[in-house]
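Take a look at the letters that make up each chain.
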Number of protein chains: 2
Amino acid sequence: MTPSLTRSLLTERHRPTLERATSALRDRGHWSAYSESPRDYDQAAGAAAFAALRGTRFELDQPGADGWVGDEVSPYGFPLGIRYPHQNADVLVPAMRAALPAWRDAGPELRALVCVEILARLGERTAELAHAVMHTTGQGYPMALQAGGPHALDRGLEAVATALAEQSRHPARTEWTKPRGRHEPLRLASTFTPVPRGVALLVGCRTFPTWNGYPGLFASLATGNPVLVKPHPRAVLPLALTVATARQVLAEAGFDPQLVSLAAERDDEYAARTLATRDEVRIVDYTGSSAFGDWLEENARQARVFTEKSGVNTVLLDSTDDYRGLLANLAFSLSLYSGQMCTTPQNLLIPRAGIGTDEGPKGFDEVVADLAAAVDKLLGDDRRAAGLLGAVAEPGVLSRLAAAAETGEVALASREFAHPEHPDGRVVTPLLVRLDARTPGVERTLLAEWFGPVGFAVAVDSTADALVLLRRTLRERGALTVLGHTTAAPVEEALVGVCLDERAQLSLNLTGGTYVNQTAAFADYHGTGGNPAGNAALVDGAFVASRFHWAQTRRSV
Amino acid sequence: MTPSLTRSLLTERHRPTLERATSALRDRGHWSAYSESPRDYDQAAGAAAFAALRGTRFELDQPGADGWVGDEVSPYGFPLGIRYPHQNADVLVPAMRAALPAWRDAGPELRALVCVEILARLGERTAELAHAVMHTTGQGYPMALQAGGPHALDRGLEAVATALAEQSRHPARTEWTKPRGRHEPLRLASTFTPVPRGVALLVGCRTFPTWNGYPGLFASLATGNPVLVKPHPRAVLPLALTVATARQVLAEAGFDPQLVSLAAERDDEYAARTLATRDEVRIVDYTGSSAFGDWLEENARQARVFTEKSGVNTVLLDSTDDYRGLLANLAFSLSLYSGQMCTTPQNLLIPRAGIGTDEGPKGFDEVVADLAAAVDKLLGDDRRAAGLLGAVAEPGVLSRLAAAAETGEVALASREFAHPEHPDGRVVTPLLVRLDARTPGVERTLLAEWFGPVGFAVAVDSTADALVLLRRTLRERGALTVLGHTTAAPVEEALVGVCLDERAQLSLNLTGGTYVNQTAAFADYHGTGGNPAGNAALVDGAFVASRFHWAQTRRSV
């Protein structure tokens, strides 16, 4: 049967996108193939599509199906009621492995084109995906749309373009001629084939199932590896839609749809443990807690394991020439999605003597009070606040909030209220607690991750002391982000030095519409892979290059 | 103090080499920056330099020196008598770590230039290095010169050029502008710095200390990592000369010479175990037995471990249009350096019905007899044979030869004789043993590595059965090389398929002056990193990309 998605059709449709993406990788300027404007998507149609999925069985026609699982509950307060097929991995994974050779033999270019078609089809389902993300993660709709849709697609496309570049480092066929003086030269002809490692396992996370999942998924798929997607049991739908879309495109392009499969699990199954240690599984991508990330690194020895784990993000305040901008920017960063981001700042280090600003010196107390006021102002209107904060995904956030309030003097209490549009959804505003770096034992608080809307305003003796604490935090716990505010060149230099030494990503003096929580595909790396918060960076060469090997065939000419 | 090796001097001297190397990486045609002709090197001066080192202390001025070690014995029958400093690693390794920031801050381009200067200085010492390699490994002088000198330098330069390319994927500074409709665009300026993982440990091997050592050494150094060189206790001198040369160049360029240091060990010290698991050590490069390679992969969890381990190399004979060429080529491959190469063929799979040739069909017995005769002819003259075979490095080779002769019917006995020029050196010719794949338990023999001049001529029922045995061998034991001879397109296709499936490097129909044992830098990959013979390939992107991380600093503009 001739596939309906032919190579020439895919080439015509997506070759320009791939070329643009490849050049964006090289210059790292702003670029996106997918609109991030909510107005470009039909929210009502997305809502209808989502509503139609509720209470149904999500059919995938995967081999080895042996039951139905799924009990997702929207953080906005209702059960999704969607049942997903549960698989016998002993049937499914070998079937995926059997699909590998034909996908390998398709070559890097066709694989990349198929991947871009998958991304394009996902792009057509953006509003539907946005609802799926919203009602599994608790993000507000605009954020679920942007981060769960176009920004996730950007990261996926970045992975595809990086994979194609890695597999196109040199021609697939070469001739080699070695002169030998008066003798005939030696002549060899070689073919070089990128060969995948094996089955890749994606272990999805609850809070950003697509954004954190697409880089590994598409990096593995574009380098020839079948991908088994094991979503978080509370955030299955966004990845189930992704898998279904990928399977459809693969089939239309003439490939075995088992190349992208879903492993939904029972609540108590801990399927990632058994899947990640299967012999066929040679790649694992994981986002989540350090405890399980460490376990994977330790135990999935047959696989190359890419992790993004917990960290402790620091903000260092030294001085600013835009005090109001600093406050507004930081208030937003602390509030966005109730701090349920691996990139949200936690420890705000402020010299007890205060900081220099364009409004004159500001004492520690004043900075803390002004920041609390800025958060209050940002979140004063419940409806607007709810859109920014979203709903609380996990009860752990609430218990951490309560515990954090006991660690010091509360500068800004967290406020909980019912979501104006979804009265069963719980919304919480950030908590700001004053701590003193001199307090004995305070490190126990500062060197732990308090995932959620928890900020510690920490009085330190000096900026120099702040740098020492930052270095210790990075070394012992790692971080996805560091934010610094300073107008002093020596302080900036020292801050850069600490971040280089401890391999952390640094943002400086953000006062406008760019937030430390956010990175842009093609331009910014997410994480470095070089500190305890994870061993992978999205999307660098190392993230992609070790997903395949070069097999060379050489022969005498 | 102004360094004598300035950036501008290094740029003038080596920038063209780096550019040529980078383009060679891309087109993978023949290229070398270093002459491989022994006539271009002064053998007598090399011998004199080597003689002057014998019986002396090899001074390196490294911190933490606490004694002298070394009892190398030339396989040609005399002790070297050279004593190397022994180090207290608790002093040396922190000193190396302390040298990292300045080397990191030098940036990729200057680091690459310094590395090429080191390679150029090593090139000037080629004849001396050749003697050092000859009298530690037992290689004949021409091979010690070529493989130990220019070919090793080629691999080092390949690693440097790959590292520079990886670190130059995008500009070090970028501007990012995101349009926002009627609002002011968002503007960010970023700097991107490649930051090294930490101290790299090179665990050297006995048989190719420079060839197998330089890729990891230079890949690590060029990406900013200090390198601790732990040579095999019987092959210290080639790497000690390398370290001394690197330290000299680093000092002249104004860098801390501790960036490249030597860890010579006592005979019973097993220093690699304790060094490889130190917290400062974040990269390990290893060539040697699977047992210790597996141990490193299992235990050096704080490091990225690159291994080349044991494997079982197969030759599959199906048909040929150049029977004489096949025999001569294979006889040479079996003989070179008495088979003490990780790339030497071991299992020769031959259909019991024989093979088709340009001289008509040849039965199994005839092929084996003709191959034995070809080896005999190649090695008929002791002086010429000794030059090709070299001397036996390890007693294990002799015991394996004796044991292998008991596994089946000897088709060609190994001959041992005193080296004509070095009467205390032991030379051995290849053993060829007939086995039958049908014999119960023969897998125990065929699936073990018999490092040394041991070839098994294995009768198989058919080419199809040979492919099955090849696949099993690759899957269970891995291989650095596979050689096939066939004129039948379907057989070739099947052979290529098996090698792609099992991720092995394949050479086809080699009948001239190219041998399966040999690969050329810039053109050929050595290993794939994808089968049990090792997790690394020399030199692909994965070998280099994961030696550093990207640290980004971004700020509002």
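Up top is the structure these notes are about.
The rules behind the values
Residues numbered from 1 in each chain as written. Chains lettered and ligands numbered in written order. Predicted model: local features only at pLDDT ≥ 70, side-chain atom pairs only at ≥ 80, totals over all residues. Heavy atoms only, no water. Least-squares fit on C-alpha atoms with pLDDT ≥ 70 in both. Contact = heavy atoms within 4.5 Å. Helix = DSSP H or I, 4+ residues; strand = E, 2+ residues; numbered from the N terminus. Buried < 20%, exposed > 50% of the residue type's maximum accessible area, 1.4 Å probe, protein only. Polar contact = N/O pair within 3.5 Å; in protein donor to acceptor, adjacent residues only side chain to side chain. Pairing = 2+ DSSP bridges. Right-handed = clockwise from strand over helix to strand, strands pointing away. Axes fitted to C-alpha atoms, helices over the stretch in contact; angles between N-to-C directions.

> Would you mind going over the relation of the copies chain B and chain A with me for this structure?
Think of it as a corkscrew move, a rotation about one axis and a shift along it, taking one chain copy to the other. Superposition record for chain B on chain A: RMSD 0.0 Å, screw rotation 180°, translation along axis 0.0 Å. What the superposition gives is, in effect, a two-fold axis relating one chain to the other. Relative to the rotation axis, the C-alpha of Ala542(B) is the closest in chain B, positioned 3.2 Å from it. The share of interface residues of chain B whose copies in chain A are also at the interface is 100%, consistent with both copies meeting through the same surface.

> Where do I start with the side chain of Thr481(A) in this structure?
Residue and element names in this part refer to chain A. The topology assignment puts threonine 481 in the loop between helix H17 (463–476) and strand S19 (482–485). By relative accessible area, threonine 481 is classed as buried at 6%. Here threonine 343 takes part through its backbone oxygen, which lies 3.1 Å from a polar atom of the side chain of threonine 481. When residues no more than four places from it in sequence are discounted, the contact partners of threonine 481 are Asn313, Thr314, Thr343, Gln505 and Val516.

> Explain the pairing of strand S11 (residues 304–308) of chain A to me, please; I cannot follow it from the model alone.
Side-chain positions along a regular strand alternate between the two faces of the sheet. Residues and elements named next belong to chain A. Across the five residues of S11, five count as buried, placing the element largely inside the fold. Burial along S11 is two-sided: the face carrying Arg304, Phe306 and Glu308 and the face carrying Val305 and Thr307 are both buried. One ladder, built from five bridges, connects strand S10 (residues 281–287) with S11; its direction is parallel. If you follow threonine 287 over to S11, its bridge partner there is glutamate 308. Handedness of the crossover joining S10 and S11 through helix H11 (residues 290–299): right-handed.

> Just checking my understanding: could you explain the sheet that holds strand S8 (residues 227–230) of chain B for this structure?
Strand pairing in a sheet relies on backbone hydrogen bonds, with the paired strands running either antiparallel or parallel. Residues and elements named next belong to chain B. Sheet architecture is open: five strands sit in the order S9-S8-S7-S10-S11, paired in parallel fashion. Where the open sheet ends on each side, the last strands, each with one partner, are strand S9 (260–262) and strand S11 (304–308). Mean inter-strand twist for the sheet, computed between neighbouring axes without regard to direction, equals 15°. Sheet analysis places strand S7 (residues 199–203) next to S8, joined by four bridges and oriented parallel. From the neighbouring strand, leucine 202 faces S8, where its bridge partner is valine 229. Set on the sheet, helix H8 (residues 214–222) makes contact with S7, S8, S9 and strand S10 (281–287); between it and S8 the angle comes to about 165°.

> Before we go on, may I ask you to explain the sheet that holds strand S20 (residues 506–508) of chain A in this structure?
Overall, mixed pairing links the 10 strands, which are arranged S14(A)-S17(A)-S18(A)-S13(A)-S12(A)-S19(A)-S20(A)-S21(B)-S6(B)-S5(B) in an open sheet. Looking at strand neighbours, the two that pair on one side only are strand S14 (409–412) of chain A together with strand S5 (173–180) of chain B, the edges of this open sheet. Neighbour-to-neighbour, the strand axes of the sheet open up by a mean angle of 25°, direction not taken into account. Relative to strand S21 (residues 548–556) of chain B, strand S6 (residues 183–196) of chain B is paired through nine bridges, and the arrangement is antiparallel. Pairing of Pro194(B) across the sheet is with Trp550(B), part of S21(B).

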